[in-house]
Amino acid sequence: YLSSFPGLWSTIKRSTSAKVKRKTYVTPGESASGGKGLREQAGEIMAYMKANNYEVADAGETITFKGIVQRSLSQALFLVFVTAMSMATLGLVLNIQFNDLELPGIGKPNWYLLTLISPYAGIYYWSKGDRVDEISFKLEANDDDTENSITVQGSEEEIERMWRQLEWQEKGMVKVSGLLDG
């Protein structure tokens, strides 16, 4: 049972940092019907990033954006809840295991009081919750300008949100229309 608590600590610790991923997406190029040139594609990315409060940090062959991601009250409350439940289950296990334990001067310990440390998970997150997010893009076109390749490195959550909004397709994947797609 105690071997699960490093997972709790890891969840609390990782909540203050972004999971960085690198993915490559493809869009129709300038020569393809309905496609866009690299300049137009870069402008679309720039508009998206500006709308989401990112600023250009470096613009060379690779364009890098930086933005501040604010801490989230719901994330802090979630961490407090998860920690409280973990401490309550630990209290239950300790209560069953040490049912007859009496400490000198204290008497029978109330193991459920361990749940009182759960707000510290939220305090830890709240003190370190704001972070600077960095996302970089590299745009390339194939030889006959029929396909643009966009390599993105950054926060997994931001990349996920971006490709859906900008309607990109991950390289090597085939888009299958769902039942509810119009």
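Up top you'll find the structure we're talking about.
Residues numbered from 1 in each chain as written. Predicted model: local features only at pLDDT ≥ 70, side-chain atom pairs only at ≥ 80, totals over all residues. Heavy atoms only, no water.

*Asks:* Lay out the overall build of the chain in plain terms, naming residues and giving numbers.
*Replies:* Scanning the chain from terminus to terminus reveals five helices and six strands. Starting at the N terminus and ending at the C terminus, the chain contains elements arranged as α-β-α-β-β-α-α-β-β-α-β. Compactness check: the chain gives a C-alpha radius of gyration of 24 Å against a globular reference of 16 Å for 182 residues, more than 25% above the reference. Taken along the three principal axes of its C-alpha coordinates, the chain extends 80 × 40 × 25 Å. Out of the 182 residues belonging to the chain, those deemed buried represent 30%. Contacts in the chain between residues far apart in sequence, at least 24 positions, make up 71% of those at least 6 positions apart. (Helix = DSSP H or I, 4+ residues; strand = E, 2+ residues; numbered from the N terminus. Rg over C-alpha atoms; globule rule 2.2 N^0.38 Å. Buried < 20%, exposed > 50% of the residue type's maximum accessible area, 1.4 Å probe, protein only. Contact = heavy atoms within 4.5 Å.)

*Asks:* Talk me through the side chain of Asn148; I want residue IDs and the actual numbers.
*Replies:* Relative to the helices and strands, Asn148 resides in strand S5 (residues 147-155). Only 2.7 Å separates the side chain of Asn148 from the backbone oxygen of Lys36, close enough to count as a polar contact. Once residues lying within four places of it in the same chain are set aside, the contact partners of Asn148 are Tyr25, Val26, Thr27, Pro28, Gly29, Lys36, Gly37, Leu38, Gln41, Glu140 and Ala141. (Polar contact = N/O pair within 3.5 Å; in protein donor to acceptor, adjacent residues only side chain to side chain.)

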